[in-house]
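One-letter residues, chain by chain:
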Amino acid sequence: MGVIAGAVDSEEKTLEVVERLGLGFPVAYGVTKDQAERLDSWWDEGRNFIQPSEFVLSRSGKVLMSTYSNSPIGRMDSAEALTLVTMMNARRKG
């Protein structure tokens, strides 16, 4: 299992956030509107950035779960996501 993130920020700003938060996963920078559309994410035209779009993918890339949000409410919580993936793996094995 892994985590990958993306942001519209510059490389410099993204690295600053990664270092400040001590993130241990890759974070892409400079996400464009075209890339957001290919992810089927919501692009905020008024503020010109991608809104949070979170996906749990199978190894083959199939979307198993997703969330879309335009505020802090409704975003995936890391502990809950881990519980979900653990449960899904247990069901698959059992």
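Going by the structure above, here's the rest.
Residues numbered from 1 in each chain as written. Predicted model: local features only at pLDDT ≥ 70, side-chain atom pairs only at ≥ 80, totals over all residues. Heavy atoms only, no water.

S.K.: I'm lost on the overall build of the chain in this one. Help?
M.R.: Along the backbone of the chain there are three helices and six strands. Along the chain direction, N to C, the helices and strands of the chain fall in the order β-α-β-α-β-β-β-β-α. Burial status across the chain gives 17% buried among its 94 residues. If you sum the accessible surface of the chain, you get close to 7,300 Å²; carbon and sulfur atoms cover 54% of it. Positive and negative charge centroids in the chain, built from 11 and 13 side chains respectively, lie 11 Å apart. (Helix = DSSP H or I, 4+ residues; strand = E, 2+ residues; numbered from the N terminus. Buried < 20%, exposed > 50% of the residue type's maximum accessible area, 1.4 Å probe, protein only. Areas by Shrake-Rupley, 256 points an atom, 1.4 Å probe, with all protein chains shown as cover. Lys, Arg positive; Asp, Glu negative; His and termini not counted. Charge placed at Lys NZ, Arg CZ, Asp CG, Glu CD.)

S.K.: Would you explain the pattern of salt bridges in this entry?
M.R.: One side chain can pair with another of opposite charge once the charged atoms of both are near each other. Tallying each qualifying case throughout the model produces four salt bridges. For Lys 13, the salt bridge goes to Glu 16, with nearest N and O atoms at 3.5 Å. A residue pair is termed a helical-turn pair when its members lie 3 or 4 positions apart in one helix, as Lys 13 and Glu 16 do in helix α1 (residues 11–21) at three residues. Given the relative accessible area of 37%, Lys 13 is considered partly exposed. By relative accessible area, which is 41% here, Glu 16 ends up partly exposed. (Salt bridge = Lys/Arg side-chain N within 4 Å of Asp/Glu carboxyl O.)

S.K.: Explanation requested: unusual backbone geometry in the structure shown.
M.R.: Trans peptide bonds make up most of the peptide bonds, and negative phi angles are found at most residues other than glycine. Positive phi outside glycine occurs at Asp 40, with the angle close to 65 degrees. For Asp 40, the location among the structural elements is in the loop between α2 (33–38) and β3 (43–44). Backbone geometry places Asn 48, a non-glycine residue, at a positive phi of 60 degrees. In this structure, Asn 48 sits in the loop between β3 and β4 (49–50).

S.K.: Where do I start with the packing of aromatic side chains in this structure?
M.R.: For any pair of aromatic rings, the description rests on two quantities: the centre-to-centre distance and the angle between the ring planes. Tallied over the full model, the rule gives one aromatic pair. Measuring from centroid to centroid gives 5.9 Å for Phe 55 and Tyr 68, while their planes differ by 85 degrees, and the two rings are edge-to-face. Of the two residues, Phe 55 is situated in strand β5 (residues 53–57) and Tyr 68 in strand β6 (residues 63–68); the sequence distance between them amounts to 13 residues. (Phe/Tyr/Trp six-rings, centres within 6.5 Å; stacked < 30°, edge-to-face > 60°.)

S.K.: What should I look at first to understand the pairing of β5 in this one?
M.R.: Within a regular strand, the side chains alternate between the two sheet faces. The sheet contact formed by β5 and β6 spans five bridges and is antiparallel. Looking at β6, one finds that Glu 54 is bridged to Thr 67. Adjacent in sequence and paired antiparallel, β5 and β6 are bridged by five residues, among which Gly 61 carries a positive phi angle near 100 degrees. (Pairing = 2+ DSSP bridges.)

S.K.: When you look at the side chain of Gln 51 in this model, what are you seeing that I'm missing?
M.R.: When you line up the elements, Gln 51 lands in the loop between β4 and β5. Judged by relative accessible area, which is 5%, Gln 51 ranks as buried. With residues near it in sequence (within four places) discarded, Gln 51 still touches Trp 42, Asp 44, Ser 69 and Asn 70. (Contact = heavy atoms within 4.5 Å.)

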